[in-house]
Amino acid sequence: MPDTLLFAMEATLNGLTAGVMYALVALGFVLIFKASGIFNFAQGVMALFAALTLVGFQSGQIPFSHLINAMFGTRLHHFGWNMPTLLAIPATVLVMILLAVLVERFILKHLVNQEPIILFMATIGLAYFLEGVGDIMWGAEVKALDVGLPKGMSGAVDDVTFAWFGYGFYIDRLEIWAAGIAALLVAALTVFSQYTKQGRALRAVADDHQAALSVGISLRFIWVLTWSIAGIVALVAGIMWGSKSGVQFSLSLIALKALPVLILGGFTSIPGAIIGGLIIGVGEKLFDFFMSPIIGGATENWFAYMLALVFLLFRPQGLFGERIIERV
Amino acid sequence: MKMTRLAATFAATMIATGPALAETLHFPSLSYRTGPFAAGGIPFADGYSDYLTLINERDGGIGGVPIRQTECETAYNTERGVECYQSIRGDNPLVLQPLSTGITYQLIPRTMEDGIPMHTMGYGRTSAVNGEVFNWTFNYPANYWDGASVIINYLLDENDGSLEGKKIALLYHNSAYGREPIPTLTRLSERHGYELLTIGVDSPGQEQGSQWLQIRRERPDYVVMWGWGVMNPTAIQEAANIRFPMENFIGVWWSGSQQDVRPVGAGAHGYKALAMHGTGMDYPIYEDMQRYVIDAGKYAGTGDEVGTVLYSRGMYAAMLAVEAAKKAQEIHGVAAITPAMMRDGMANLEITEELMAELGLPNFGPAFSVSCQNHGGSGAAMIQQWDANAGEWNLITDWIEPDRELIMEMAMEDSLAFAAENNMTPACLN
């Protein structure tokens, strides 16, 4: 088999796993948009905030210690204990649920029936607020995140592909795990929305707010539920991306990776987020593989948007999005 | 009547505060404590501020005139950096430290026009080394091209003086900063016979899958990195993932701090980086720093960055600024110096080993002197290596000199082109 074909196959495989990482971020956007029509600009910052909180719990860091020290002249930093990961993750989930309650109580409740653009602007404000709170609460330094997920080259994939093709493919074990976790997450979300009372209520609200309200579904509860689930998805994305390159401000910028995925897959489709992620992942890796020698690399950021733009021209609602028809 | 009284009070206040402001030495800091690069900006800003605080607390300022510090947040954003400049340019800033190559490029023509000196230590426009063109910009003790040349000289030492047939990959931040070493490495490849492979990474650099697949395919002997922010730990993690020999992976001085290696854990063991100064707290100055700044609770930020690589760099930048101010006072015979006098101090700065020892920083930085023609210092740097087990950087070489002849030749070409574009006649300022 020619080397170029082998290398292209390796790039495709890596594109698929990278695509799953993008899809993890896109899922949070889809959940909130589907249930409330809000494009949540803060989703990336929620991933950062969740990851910061998790590391803070794991390392026993005292929240707001810098602020407390500055105000009272103390030297507080750590509680003096480390929280096991299995406890720290549920504790972080609770914080994300609390955040969802606060978002509903202090922002969404006051913006019922407002235009989508107003709600979008509110999430921009929320993003900057959360970013600042995260900084003050846990500090701006880079933090290592280790929840015990394996990292590095998969020896099994290397051995198998070497036996088949005489060239061992590289694939990061963390990304294989991410693919598995994303599959579980999608399965859990599907089961929740199809087979639970709350899930059905959520779908009802997504279909028609007014009709859902008329049958006694609490819009406020559904919003808290949706934002809580999006917070948990943000935590998963934060763990995966934070394990790759540490927890720091740039983690919030992974949201930029989700936008082309959403344009491609549609803002209202969970399978769309996954398929969109895979198409973007494979597309950018193959484009980089073939074009980098000619145009010098660094193509990943803009190529994803260009691909999304081409899709947008032919299918504005995305691959799986609902077609927008407004009657006059 | 009421307005007249108010105006009189205002005038009296201005008269009372005016001389007080004039009798301080204004050292602004264009810092970034927020944004994607905050993790690198915070320790630098803390080190810069703590050293100036130490000079105020211990020595009562410079030549008896207290230092006034101001800080303006740029978030490593060029537009915001320019806004910061506009807000402080009328407040007698003695020296600007933009800490960003993008901001530096924007400020070079402005500072030339306004007569404000700028110090871009280890970053910025490399050809500013030609002081006859860039009268107001200084980039001592080393610049990017020095750094690239020092790495090649180190690799020559490692390979018995020959890099013939070797392949070196440059993994660079796809920005003005990251592209700076390409001309030098290209010219040096022609001289030493190695193959140069350039691989760009888009900012911020969290996703480098394609780049490291390419490195795995191309199998370079060495990877040189020009990264910043999250690009650094991501690259080191990816290198560990593909089992690239870490001792053959060398970063520039902006890719060699604790923030870059700690998130990777044991995988970063053996990674190397340039060091333009020493690091750690094994220097006598830290006794004073502890006594006058830390224990007194007068430290900047949270006080937990003291002694780290980027804190040390900020402290070093402040030390060089203070020494230039002393030189300016000496030249002009006045304590309350102006930005123009500060420029003269910078252009005549001389750092000796004895002076470094006297300041409590023996062998912390290289000995060098600045002149009207050469604003770049010695260009020497050391190589440091990360020990993940001990959690510390260890210096593994002495000062390595760059190929200054080639660098000055390239700097002259670039700076004279700049002068021609701007209708300038290169000359020293009197």
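Residues numbered from 1 in each chain as written. Chains lettered and ligands numbered in written order. Predicted model: local features only at pLDDT ≥ 70, side-chain atom pairs only at ≥ 80, totals over all residues.

Within an unreviewed UniProt entry, the label attached to chain A reads Branched-chain amino acid ABC transporter permease, and the organism entered is Roseinatronobacter bogoriensis subsp. barguzinensis. Among the UniProt annotations of chain A, the heading Sequence similarities (unreviewed entry) holds the following wording: "Belongs to the binding-protein-dependent transport system permease family. LivHM subfamily." (UniProt positions renumbered as here; feature names shortened; annotations may be inferred.)

Now for the overall build of chain B. Each helix and strand in chain B was counted, giving 15 helices and 13 strands. Relative to its length of 430 residues, chain B is compact, with a C-alpha radius of gyration of 22 Å against a globular reference of 22 Å. Seen through its C-alpha atoms, chain B measures out along the principal axes to roughly 80 × 50 × 45 Å. Burial status across chain B gives 56% buried among its 430 residues. Expressed as a percentage of contacts within chain B between residues at least 6 apart in sequence, the contacts between residues at least 24 apart total 70%. (Helix = DSSP H or I, 4+ residues; strand = E, 2+ residues; numbered from the N terminus. Rg over C-alpha atoms; globule rule 2.2 N^0.38 Å. Buried ≥ 20, exposed ≤ 12 C-beta atoms within 10 Å, placed from the backbone. Contact = placed C-beta atoms within 7 Å.)

All names here are of chain A. Examined against the element boundaries, Gly168 turns out to sit in the loop between helix H6 (155–165) and helix H7 (173–195). Linking Gly168 and Val157, residues 11 residues apart in sequence, is a C-alpha distance of 7.2 Å. Contacts of Gly168, omitting those with residues within four sequence positions, involve Asp158, Asp159, Thr161 and Phe162.

Between chain A and chain B, the residue contacts involve 34 residues of the former and 37 residues of the latter. Of all the elements in the fold, those that place two or more residues in the side of chain A that touches chain B are helix H1 (3–36), helix H10 (219–245), helix H12 (270–295) and helix H13 (300–314) of chain A. Of the residues belonging to the side of chain A that touches chain B, the class tally is 13 nonpolar, 13 polar and 8 charged. (Nonpolar A, V, L, I, M, F, W, Y, C, P; charged D, E, K, R; others polar.)

This paragraph deals with the packing of helix H8 (residues 197–207) of chain A against H10 of chain A. Residue and element names in this part refer to chain A. Two elements in contact, H8 and H10, have axes whose closest approach is 10 Å; the angle formed by their N-to-C orientations is 105°. Regarding the angle of H8 to H10, the classification is roughly perpendicular. Two secondary-structure elements touch here, H8 through Gln198, Ala201, Leu202 and Val205 and H10 through Leu219, Ile222, Leu225 and Thr226. When grouped by side-chain class, the residues that make up the contact of H8 with H10 number 6 nonpolar, 2 polar and no charged. (Axes fitted to C-alpha atoms, helices over the stretch in contact; angles between N-to-C directions. Parallel < 35°, antiparallel > 145°, perpendicular 65-115°, else oblique.)

On to the UniProt feature "transmembrane region" (unreviewed entry) in chain A. Residues and elements named next belong to chain A. When the UniProt feature table is mapped onto this chain, "transmembrane region" (unreviewed entry) is found at residues 12–33, 45–64, 84–107, 119–140, 176–196, 217–241, 261–282 and 294–314. Helix and strand shares over residues 12–33 are 100% and 0% respectively, and the end C-alpha atoms of the span are 30 Å apart. Its end C-alpha atoms 36 Å apart, residues 217–241 is made of 92% helix and 0% strand.

All names here are of chain B. Strand order across the open sheet formed by 7 strands is E6-E5-E7-E8-E9-E12-E13, with mixed pairing between neighbours. With one partner strand each, in any of the chains shown, strand E6 (195–201) and strand E13 (392–395) form the two edges of the open sheet. Averaged over all pairs of adjacent strands, the angle between strand axes in this sheet comes to 30°, irrespective of strand direction. Together, strand E5 (167–173) and E6 form the strand contacts of helix H7 (residues 182–192), whose direction differs from that of E6 by roughly 165°. (Pairing = 2+ DSSP bridges.)

Residue and element names in this part refer to chain B. The domain boundaries assigned to chain B delineate domain 1 (2–142 + 283–379) and domain 2 (144–275). Breaking the side of domain 1 that touches domain 2 down by element, the ones donating at least two residues are helix H2 (38–59), helix H4 (101–114) and helix H12 (309–332). The element contributing the most residues to the side of domain 1 that touches domain 2 is H4, with 3 residues. Of the residues that constitute the side of domain 1 that touches domain 2, the class distribution is 8 nonpolar, 7 polar and no charged. (Domains from an automatic or database assignment.)

Residue and element names in this part refer to chain A. Membership of the largest hydrophobic core comes to 224 residues, with the highest contact counts inside it found for Leu24, Ala26, Ala47 and Ala51. Per-element accounting of this core gives the leading share, 16 residues, to H1. Ignoring sequence-local partners within four residues, the contact set of Leu24 consists of Ala178, Ala182, Val236, Ala237 and Met240. (Core = buried A, V, L, I, M, F, W, Y, C linked by C-beta atoms within 7 Å.)

Residues and elements named next belong to chain B. With 95% of its residues at a pLDDT of 70 or more, chain B has an overall mean of 92. With pLDDT under 50 throughout, residues 10–21 is counted as low confidence; its partners more than four residues away or in other chains account for 0 contacts. Both scores are given for the predicted complex: the pTM is 0.88, the ipTM 0.86. (pLDDT = per-residue confidence, 0-100.)

On to the pairing of strand E7 (residues 222–226) of chain B. Residues and elements named next belong to chain B. With 5 of 5 residues buried, E7 lies mostly within the body of the structure. Burial along E7 is two-sided: Tyr222, Val224 and Trp226 and Val223 and Met225, pointing in opposite directions, are all buried. One ladder, built from 5 bridges, connects E5 with E7; its direction is parallel. Opposite Leu171, over in E7, you have Met225 as the bridge partner. Across 3 bridges, the pairing between E7 and strand E8 (residues 249–251) is parallel. Across the sheet, residue Val223 finds its bridge partner in E8, namely Phe249. Following the chain from E7 across helix H9 (residues 231–241) to the adjacent parallel E8, one finds a crossover that is right-handed. (Right-handed = clockwise from strand over helix to strand, strands pointing away.)

Turning to unusual backbone geometry, a few remarks are in order. A cis amide bond links Tyr140 of chain B to the next residue, Pro141 of chain B, at an omega of 5°. Structurally, the position occupied by Pro141 of chain B is in the loop between strand E4 (137–138) and helix H5 (144–158). Backbone torsion omega between Ser203 of chain B and Pro204 of chain B reads 0°, so that peptide bond is classified as cis. Within the secondary structure layout, Pro204 of chain B lies in the loop between E6 and helix H8 (209–218). Residue Phe64 of chain A is not a glycine yet carries a positive backbone phi of 60°. Residue placement: Phe64 of chain A occurs in the loop between helix H2 (43–58) and helix H3 (65–72). Under the C-beta neighbour-count criterion, Phe64 of chain A is labelled partly exposed, with 16 such atoms within 10 Å. The backbone of Asp160 of chain B sits at a positive phi, close to 50°, despite the residue not being glycine. Among the structural elements, Asp160 of chain B can be located in the loop between H5 and E5.

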